[in-house]
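Coordinates in review
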Amino acid sequence: MAFTTPQAVINRARRLWYVSAAQYPDATALEDFNIIYKQVCNLIITEVNEDYFSDFVTVDFEVARNEYQLYDDNIDINKVQKVEIKYANTDNFKEVEIRDKDSLPKSLEEFNAEWTAPFYFLFDNSIFVYPYPTAAQTSAEIRLNVSLTPTDLAITDTTLDMLEDAHVSILADGMLPPVYQARGLLNEKNDSQASFNAKLSDLIFALTDRVSTPREIETPDLSYFD
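Keep in mind it's a predicted model, so treat the numbers as computed, not measured.

About the criteria used
- Residues numbered from 1 in each chain as written.
- Predicted model: local features only at pLDDT ≥ 70, side-chain atom pairs only at ≥ 80, totals over all residues.
- Heavy atoms only, no water.
- Core = buried A, V, L, I, M, F, W, Y, C linked by side-chain atoms within 4.5 Å.
- Buried < 20%, exposed > 50% of the residue type's maximum accessible area, 1.4 Å probe, protein only.
- Helix = DSSP H or I, 4+ residues; strand = E, 2+ residues; numbered from the N terminus.
- Phe/Tyr/Trp six-rings, centres within 6.5 Å; stacked < 30°, edge-to-face > 60°.
- Lys NZ or Arg CZ within 6 Å of the ring centre and 35° of its normal.
- Axes fitted to C-alpha atoms, helices over the stretch in contact; angles between N-to-C directions.
- Parallel < 35°, antiparallel > 145°, perpendicular 65-115°, else oblique.
- Left-handed = near helix turned anticlockwise from the far one by under 90°.
- Contact = heavy atoms within 4.5 Å.
- Salt bridge = Lys/Arg side-chain N within 4 Å of Asp/Glu carboxyl O.
- Pairing = 2+ DSSP bridges.

Considerations on the nonpolar core
Here is a general trend for soluble globular proteins: nonpolar side chains tend to be buried in one another's company. Counting residues in each nonpolar core, the largest one holds 55 residues, and the members touching the most others are Val9, Phe33, Tyr37, Val40, Leu163 and Leu171. Where this core is concerned, the elements lending two or more residues are α1 (6-17), α2 (26-47), β3 (76-86), β7 (126-130), β8 (141-149), α5 (170-174), α6 (176-182) and α7 (186-207). Formed by six residues, the second largest nonpolar core is a distinct cluster that contains Leu104, Phe111, Phe128 and Tyr130.

What follows is the structure, encoded as structure tokens:
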């Protein structure tokens, strides 16, 4: 079964642990879900590959606009690997050189006023691309090859593509400790935490099966639930 939304994972957790929506409301369940979701993703980034969640992000390259934020409500870019631009829809994307903002030979406004080889720099959680398109270049685009970090999901978000389908079901297991915690069942909470940690370790080792020597991983900090 493919779990395509947080709601589907929450429903599975309720079914497995015999709790109702009244006992475990959506708002509480979604808060727990997002904590577990981000911990699992961040552990993969730390233990498997910092670029594990790489993707292409394409945005319109607008006239008189050089700055584009690297995060919003739906995406958070951890690292920019490559920047490509095209100034017309008939062009192919071409890679852009990164430059040191503090070593540029003239003011930034001058790079927009006269044609120069395109370049970019990163500053204050934004990417700056020069020169911006002319008024006639209405189909310009920027394409970023980036590494992503997980952001909070809404309960009806239609994809969990930060994780593979085969691994999403582990999120429901991670939601059991806070369920037991809320019910005052501390022994059951500790047992379920140990079970989740073991499954999480199996997941990490499955993703690093090309590594010949085993590694000890650090369990995520779940003190939020204490």
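Considering the packing of aromatic side chains
Counted according to the given criterion, the structure contains eight aromatic pairs. Taken together, a centroid distance of 5.7 Å and an interplanar angle of 10° make the contact between phenylalanine 33 and tyrosine 37 stacked. Taken together, the residues phenylalanine 33 and tyrosine 37, both in helix α2 and four residues apart, mark about one turn of the helix. Judged by its relative accessible area of 3%, tyrosine 37 falls in the buried class. Seen from their ring centres, phenylalanine 61 and tyrosine 68 are 6.1 Å apart, and the 70° between their planes marks the pair as edge-to-face. No difference in accessibility class separates phenylalanine 61 from tyrosine 68, as the two residues are buried. Put simply, the rings of Phe111, Phe119, Phe121, Phe128 and Tyr130 touch in pairs and so form one group of aromatic residues. Across from the ring centre of phenylalanine 119, 5.1 Å away, lies the NZ or CZ of arginine 99, which sits over that ring.

Concerning the packing of α2 against α7
Viewed as axis vectors pointing N to C, α2 and α7 meet at an angle of 40°, and their least axial separation amounts to 10 Å. Taken together, α2 and α7 sit at an angle that is classed as oblique. The chirality of how α2 crosses α7 is right-handed. Two secondary-structure elements touch here, α2 through Ile36, Val40, Leu43, Ile44 and Glu47 and α7 through Phe196, Leu200, Leu203, Ile204 and Leu207.

What about the side chain of glutamate 84?
Mapped onto the secondary structure, glutamate 84 falls in strand β3. Residues contacting glutamate 84, with those up to four places away along its chain left out, are Phe93, Lys94, Glu95, Val96, Glu141, Ile142 and Arg143.

Description of the pattern of salt bridges
Within this structure, the stated rule accounts for 11 salt bridges. Between aspartate 26 and arginine 14 there is a salt bridge; the shortest N-O distance is 2.7 Å. Of the two residues, aspartate 26 sits in helix α2 while arginine 14 sits in helix α1, which places them 12 residues apart along the sequence. Taking relative accessible area as the criterion, arginine 14 reaches 9% and is therefore assigned buried.

So, the sheet that holds β8
Pairing within the open sheet is antiparallel, and its four strands lie in the order β1-β8-β3-β4. The strands lining the two open edges of the sheet, one partner per strand, are β1 (54-60) and β4 (94-95). Note: β3 against β4, two bridges, orientation antiparallel. Residue pairing across strands places isoleucine 85 opposite lysine 94, the latter belonging to β4.

Structural notes on unusual backbone geometry
The amide bond that connects tyrosine 130 to the next residue, proline 131, takes the cis arrangement and shows omega of -15°. Topologically, proline 131 is positioned in the loop between β7 and β8. Phi at alanine 64 takes a positive value of approximately 65°, unusual for a residue other than glycine. In this model, aspartate 124 sits at a positive phi of 55°, which is unusual for a non-glycine residue. With respect to the helices, strands and loops of the structure, aspartate 124 is situated in the loop between β6 (119-123) and β7. Residue class for aspartate 124 comes out exposed when judged on its relative accessible area of 60%.

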